[in-house]
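Reading the structure
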Amino acid sequence: MNPSIETPGGEGMSGESGEDIRIARGDAQAVVTVRGAGLRSYRVGARDVVVPYPGPTPPAMHGAILAPWPNRLADGRYEFNGRSYQLPVTEPARQAANHGFVHDRAWEVSDRGEDSVELRFLIDGELEGYPFPLELRVRYALGDEGLAVTFTAANRGETAAPFGVGFHPWLSPGAAGVDECELRVAASGWVRANERLLPVEFCALPAEKDFLAPRSLRGVSLDDGFAPAVFAGERTWAELRSPDGMMSAVWAERPLEYWQICTGDFPEIGVFERSGVAAEPMSCPADAFNSGRGLATLQPGETYTVRWGLCLRRTGDHARPV
């Protein structure tokens, strides 16, 4: 069963994470952290849409922004425009630099209202492995369609910069367990990975990885990439359908054309083990700084924008969020 977790609901909470900011609209509310500009919680009424977390540090990247690259970068090394770079290896077990470095930095609140908040972070270009000045902004806004997130990266330097971004919401099963739920992922291919979770091949969906139609998660363990995403109109979707007749859903627009899906089978996380499903929209897959797949090259002065969001829906009803 999914544990019940008390989540900070007031503004001005302090601690190692800095201030937590609550936004609300009707019976929907979300809490955004200044540390990493991450999403601590989002619920509609008493029903969680994402798994909330207490404490200053998000376990397993709950709600994090993954920039200037998502997922793993092999050995923390890459080449760009004829130069070699070495980033800190943050996942020693797999010898990888994982999920960028802005998820644990303090962001600045640049705009704030009852139902929205915008935060800003400046990558100053002084990190040896990523000497590219970028201005990042993220805006969380509650509206008729749920929670919408707009993210921009602007190149403030004098040279081109490699860039990728991803987001790490953990979809909540409500009061149920993950094994009692069904998953749907709008993607027509699968990323075969090695033991370091680095891409080996982009291939057709094997039957056991095909979630184009909702399938039970009972006994299923995933930490897999899926691509290309399938779009219905402007959006691609991932949905966690629960026995209560509700589904937590995440949507993304191009260029977020890659999914990483994880069922959270991490015994070391304790109470959070298999408490939700990470459905991560990404602009590029793992190791994109080396493969170039999906990688953006931001020219001086160029701005890169992505949009995604979350909502709670009744199973089978895509017309409107709850």
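The coordinates are above.
Summarised in this report is the structure supplied together with it. Since we're looking at a predicted model, the values are computed, not measured. (Residues numbered from 1 in each chain as written. Predicted model: local features only at pLDDT ≥ 70, side-chain atom pairs only at ≥ 80, totals over all residues. Heavy atoms only, no water.)

On to the environment of Trp251, then. Examined against the element boundaries, Trp251 turns out to sit in strand 23 (residues 246–253). It is 9.8 Å that separates the C-alpha atoms of Trp251 and Glu280, two residues lying 29 residues apart in sequence. Discounting residues that sit within four places of it in the chain, Trp251 has contacts with Ala148, Arg235, Thr236, Trp237, Arg307, Trp308, Gly309 and Leu310. (Helix = DSSP H or I, 4+ residues; strand = E, 2+ residues; numbered from the N terminus. Contact = heavy atoms within 4.5 Å.)

Scanning the model with the defined rule gives 24 salt bridges in all. Among the salt bridges present, the one from Glu135 reaches Arg156, with a minimum N-O distance of 2.7 Å. Residue Glu135 is found in strand 12 (residues 134–143), and its partner Arg156 is found in the loop between strand 13 (146–155) and strand 14 (161–163); the two are separated by 21 residues along the sequence. What makes Arg156 partly exposed here is its relative accessible area of 48%. Salt-bridge contacts for Glu239 lead to Arg241; the nearest nitrogen and oxygen are separated by 2.7 Å. Residue classification places Glu239 among the buried residues on the basis of a relative accessible area of 0%. Beyond isolated ion pairs, a larger network of salt bridges with shared partners links Glu108, Glu118, Arg120, Glu135, Arg137 and Arg156. (Salt bridge = Lys/Arg side-chain N within 4 Å of Asp/Glu carboxyl O. Buried < 20%, exposed > 50% of the residue type's maximum accessible area, 1.4 Å probe, protein only.)

Let us look at the side chain of Thr33. Within the secondary structure, Thr33 sits in strand 2 (residues 28–33). The exposure class assigned to Thr33 is buried, which follows from its relative accessible area of 2%. The contacts of Thr33, once residues within four sequence positions are left out, are Glu19, Asp20, Gly38, Arg40, Tyr53 and Leu119.

This part covers the sheet that holds strand 20 (residues 215–216). To summarise the sheet geometry, strands pair through backbone hydrogen bonds and adopt either a parallel or an antiparallel arrangement. Pairing is antiparallel in the open sheet, where nine strands are placed in the order 10-11-12-13-27-23-22-17-20. Of all strands in the sheet, those bounded by a partner on one side alone are strand 10 (108–112) and strand 20. The pairing of strand 12 with strand 13 spans ten bridges and is antiparallel. Following the sheet pairing, Tyr140 is matched in strand 13 by Val149. (Pairing = 2+ DSSP bridges.)

Tyr42, Ile65, Tyr130, Leu136, Tyr140, Phe151 and Phe163 are the most contacted members of the largest nonpolar core, which totals 78 residues. Among residues more than four places away in sequence, those in contact with Tyr42 are Ala28, Gln29, Ala30, Asp48, Val49, Val50, Leu142, Gly146, Leu147, Leu310 and Cys311. (Core = buried A, V, L, I, M, F, W, Y, C linked by side-chain atoms within 4.5 Å.)

The strand order across the open sheet built from four strands is 1-2-3-4, with neighbouring strands paired in antiparallel fashion. Edge positions in the open sheet fall to strand 1 (20–25) and strand 4 (47–48), since each of these has one partner strand only. In terms of strand pairing, strand 1 meets strand 2 through six bridges, oriented antiparallel. Looking at strand 2, one finds that Arg22 is bridged to Val31.

In this structure, the amide linkage connecting Ala67 to the following residue, Pro68, adopts the cis form with an omega of 5°. Take Pro68: it is sitting in the loop between strand 5 (64–66) and strand 6 (72–74). Even without glycine at this site, Asn71 takes up a positive phi of about 65°. Judged by relative accessible area, which is 2%, Asn71 ranks as buried. Positive phi, normally seen in glycine, also occurs at His99, with a value near 65°. Secondary-structure assignment places His99 in the loop between strand 9 (96–98) and strand 10.

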